[in-house]
Structure formats: C-alpha cells, structure tokens
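Summary of the model geometry
Each chain, written out:
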Amino acid sequence: MAEIMEKIDFVITWVDGNDPEWIVEKHKWEKGGRFESVSSAEDANGSFRYRADEDLLRYWFRSVEQFAPWVNRIHFVTCGQKPDWLVENHPKLDLVVHSDYIPSRFLPTFNSNTIELNYHRIDGLSDKFVLFNDDTFLLQSLSPEFFFREGRPVIEADLRYAERVGFNSWSRVLFNDYCIVNRSFDINKSIWENRKKWFSITALGLKRARKNLLCYWANRTLPVSTFGHVPSAHLKSTLEEIWEKHPEVMENTCSHKFRSDDQVNQWLAIAWNLAKGCFYPANGKTRGRIYNISTKNINEVEAAIKGQLYPQVCLNDSERNDNPERCSQIIMEAFGEILPDKSSFEKY
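In this report, we go over the structure that sits alongside the text. (Residues numbered from 1 in each chain as written. Predicted model: local features only at pLDDT ≥ 70, side-chain atom pairs only at ≥ 80, totals over all residues. Heavy atoms only, no water.)

1. So, the packing of helix H12 (residues 236-245) against helix H13 (residues 247-255)
- Two elements in contact, H12 and H13, have axes whose closest approach is 5 Å; the angle formed by their N-to-C orientations is 100°. When the axes of H12 and H13 are compared, the pair comes out roughly perpendicular. Residues Ile242, Trp243, Glu244 and Lys245 of H12 lie in contact with H13, whose contacting residues are Pro247, Met250, Glu251 and Cys254.
- Residue classes in the contact of H12 with H13 are distributed as five nonpolar, no polar and three charged. (Axes fitted to C-alpha atoms, helices over the stretch in contact; angles between N-to-C directions. Helix = DSSP H or I, 4+ residues; strand = E, 2+ residues; numbered from the N terminus. Parallel < 35°, antiparallel > 145°, perpendicular 65-115°, else oblique. Contact = heavy atoms within 4.5 Å. Nonpolar A, V, L, I, M, F, W, Y, C, P; charged D, E, K, R; others polar.)

As structure tokens, this is what we get:
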C-alpha cells in the first residue's frame, strides 16, 4: 500500500498519422523526401512509425483500468489530437499538448526522443511515472511494485559481455546512450557497490545472477541494449539531472524535428538510474514480450493476447508488416475477447 500512496502516474504518447493537417505540417519539415538531418534514417522515421489505430487505443485504456486501477493519473500526450470517444474530463486523465511542456524552440516536433526527454516539464507529473507508447499494453493484473519497489524504479539488471553495436538508426542511438552513461560514472565501482542488486539470486534467479557476475568480470561497462521496448519506470528527477549534467546532448537531440543517429533517447535515463544504483533489480525475461508484427507471427501474437501469457506486451509495427489492416483486425479481436467492456475513459 505504501507505493500506492506515493503516486505513480502513467504517460502515453499518441499520434494520428492519418490526420490530413498533421501530414501537411510534417511535410513542411521534410526536404525533398529526405529528413532534415543527413544522419536521419528511414528506419527511424518511416511512415509505419506514425501508423495509429484509434480503436486499438481503446484497449490501452481498458487494460490500464482493468489491470492497474491504482494508477494516480494518466497523462495523454499528443500534438493536439484526441479521439472523439475519449472522455476529456475524466478525473484521472490529463490531456497534454506538446506546447504545454516542450520548450517552444523545439516545436513543432515529430521526434519521439524530444517528446519523451522533456516529460519532467509536464505540469503535475508525479516523480514516479511509467512511460508507455501506444503500442505497449498490459495483459495481466499488476501491482505498483511491478514498476516501483522500495521507492525505486524496477529495472532489468541484465549485464552483457560487450555492448552490441548495430547498423540501424535505433542501435546507433543506443550506442550514444551507452557512451554517455559509461563516461559519466565509474561503472566498475557502481556495479560492485550495488552487487547485492546486480547479483541477487532472489530478484534475478540463479542463471541471470551468475551470468551478471561473469559479465562483470569480463566487461565492466553498463549496457543499454537490454531494456526492451516495454513500458518503463522513470523518475522525473533523473531527467532533470541529465538535463543539468549534459545540456548540450539534450539540446542537440531536441533540436532535430525528426529522429536521427546523433541523438539519445529515454533509455539513457534508465541506464542513468542503474549507474547511480537507484533501482530495484529484475530479470528482463519476466517483464514482458516484444513482437515485431507481421503476417508471419500474427497467430502467435493472437495467442499471447488471448492467453494473457505476459504481464506486458509490445506490438511493434514495422516495414516488415505486409498487411497491417489484417494484423490490426486480428489484434483488436483478441483484445476484444479479454477486454470486452467499455472503460470509463470511453464515451461510446
């Protein structure tokens, strides 16, 4: 009950990529079919990144009301868009427009990194909050302790032998996070001082605790490619601290209208808490499942939703989805089976 009294907010971003006015505005900031930064990549800013399903959003609100009724407040962040069916005056709902909290010099923005790295500026946001994207859902009843324990965010404490460096825009951004956090802290000292967390058999299980110890001996750096695209627990104070310590990095990221390779993202804040020892350890395998949706795996996705196999699930759209309409229909029908009743956030 103590965690409930501490107030945990949820923050979710949403964009209607089919909105004609939004499309016109977005095209104003694109140059000749190319994005404003030469380091930008289509895999970070392709049209599939902005596909939105208004009806699927209903199930996000239903899942929160059903599986996390203890949430203090939901901050629904958009550029000003909202579904017609949404109950705007709901006592737990805060409609947040980008201009409400993002400094005007960064607006307009189509960059999710800018949107997320300024969350600490949202008026009335609790220090403890969980960041959702509109493709992340709860599938099981969860307590506040799933996200925060002992006053600290629950974070995947999964070490690696060496940080993975990929060849797409996403992994290059993670490498930027990796460089900054490992440059900002004495990671070797930090991990050892928090060894009861990093090597906890109780919290992580024997296999992961042992692997963490071996990884620590072999590679005394802190990875950032382990967190997974699932809802993540954050502290508003951590974002404030990163802006204070690395203003040039944050300014560079937010000055871009679109995502590009030379930026950082919200995983930097997760890694920052790990480096400070401000976390409660969890095994990443217990947090949820991530799917890159396509017709090849849609039956597996359907079974996972209907069977409520994981506490959280990410239904990540991608360029590999060759039939998004059909996949969306199957997903909504699956959610309709486990969440058939209208939530208090829906007018109709």
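2. Comments concerning the environment of aspartate 16
- Within the fold, aspartate 16 resides in the loop between strand S1 (8-13) and helix H2 (20-28).
- Linking aspartate 16 and glutamine 81, residues 65 residues apart in sequence, is a C-alpha distance of 7.0 Å.
- A polar atom in the side chain of aspartate 16 sits 3.0 Å from the backbone nitrogen of asparagine 18. (Polar contact = N/O pair within 3.5 Å; in protein donor to acceptor, adjacent residues only side chain to side chain.)

3. A word on the packing of H12 against helix H14 (residues 267-276)
- Between H12 and H14, the least distance of the axes is 10 Å, while the angle of their chain directions is 95°. Viewed along their axes, H12 and H14 adopt a mutual orientation that is roughly perpendicular. Packed against H12, whose contacting residues are Thr238, Leu239, Glu241, Ile242 and Lys245, the element H14 presents Leu268, Ala269, Trp272, Asn273 and Lys276 at the interface.
- Residues belonging to the contact of H12 with H14 are distributed by class as follows: five nonpolar, two polar and three charged.

4. Some thoughts on the sheet that holds strand S11 (residues 312-316)
- Taken in spatial order, the three strands make up an open sheet running S5-S11-S10, and their pairing is mixed. Each edge of the open sheet carries a strand with a single partner, namely strand S5 (136-138) and strand S10 (289-292). Strand-to-strand twist in this sheet, taken as the mean axis angle between neighbours without regard to direction, amounts to 20°.
- Relative to S11, S10 is paired through four bridges, and the arrangement is parallel. (Pairing = 2+ DSSP bridges.)

5. What about the pattern of salt bridges?
- Taken as a whole and judged by the stated rule, the model has 13 salt bridges.
- The salt bridge partner of glutamate 25 is lysine 28, with a shortest N-O separation of 3.6 Å. Of the two residues, glutamate 25 and lysine 28 are both situated in helix H2; the distance of three residues between them amounts to about one turn of the helix.
- Counted as one network, the salt bridges with shared partners bring together Asp55, Arg58, Arg62 and Glu346. (Salt bridge = Lys/Arg side-chain N within 4 Å of Asp/Glu carboxyl O.)

6. Concerning the nonpolar core
- By size, the foremost hydrophobic cluster in this structure holds 47 residues, and its most contacted members are Phe10, Phe61, Ile74, Phe147, Leu315 and Phe335.
- With residues near it in sequence (within four places) discarded, leucine 315 still touches Asp135, Phe137, Tyr291, Ile293, Val301, Ile305, Ile331 and Phe335. (Core = buried A, V, L, I, M, F, W, Y, C linked by side-chain atoms within 4.5 Å. Buried < 20%, exposed > 50% of the residue type's maximum accessible area, 1.4 Å probe, protein only.)

7. With respect to helix H7 (residues 169-184)
- Taking 1.5 Å per residue as the helical rise, H7 with its 16 residues ought to reach 22 Å, and the 23 Å between its terminal C-alpha atoms agrees with that figure.
- Inspection of H7 places Ser169, Ser171, Val173, Leu174, Asp177, Tyr178, Ile180, Val181 and Asn182 among the buried residues, and these make up the whole buried set. (Expected span 1.5 Å × (residues − 1).)

8. What about the packing of aromatic side chains?
- In this structure the tally under the stated criterion is 25 aromatic pairs.
- Both rings, one in phenylalanine 10 and one in phenylalanine 147, keep their centres 6.0 Å apart while their planes meet at 70°; by these two values the pair is edge-to-face. Linking phenylalanine 10 in strand S1 with phenylalanine 147 in the loop between S5 and strand S6 (148-149), this pair joins segments that are 137 residues apart in sequence. The burial state of phenylalanine 10 is the same as that of phenylalanine 147; both residues are buried.
- Plain terms: the ring middles of tyrosine 59 and phenylalanine 335 are 5.7 Å apart, the flat faces sit at 15° to each other, and that makes the pair stacked. With a gap of 276 residues between them, tyrosine 59 in helix H4 (residues 54-67) and phenylalanine 335 in helix H16 (residues 324-338) connect regions that are remote in the sequence.
- Given the relative accessible area of 12%, tyrosine 59 is considered buried.
- Accessibility expressed as a relative area gives 0% for phenylalanine 335, which makes it buried.
- Taken together, Phe10, Trp14, Trp60, Phe61, Trp70, Phe76, Trp85, Phe132, Phe146, Phe147 and Phe345 form an aromatic cluster joined through their ring pairs. (Phe/Tyr/Trp six-rings, centres within 6.5 Å; stacked < 30°, edge-to-face > 60°.)

9. Details of the environment of asparagine 168
- Tracing the backbone shows asparagine 168 in the loop between strand S7 (152-156) and H7.
- A relative accessible area of 35% places asparagine 168 in the partly exposed class.

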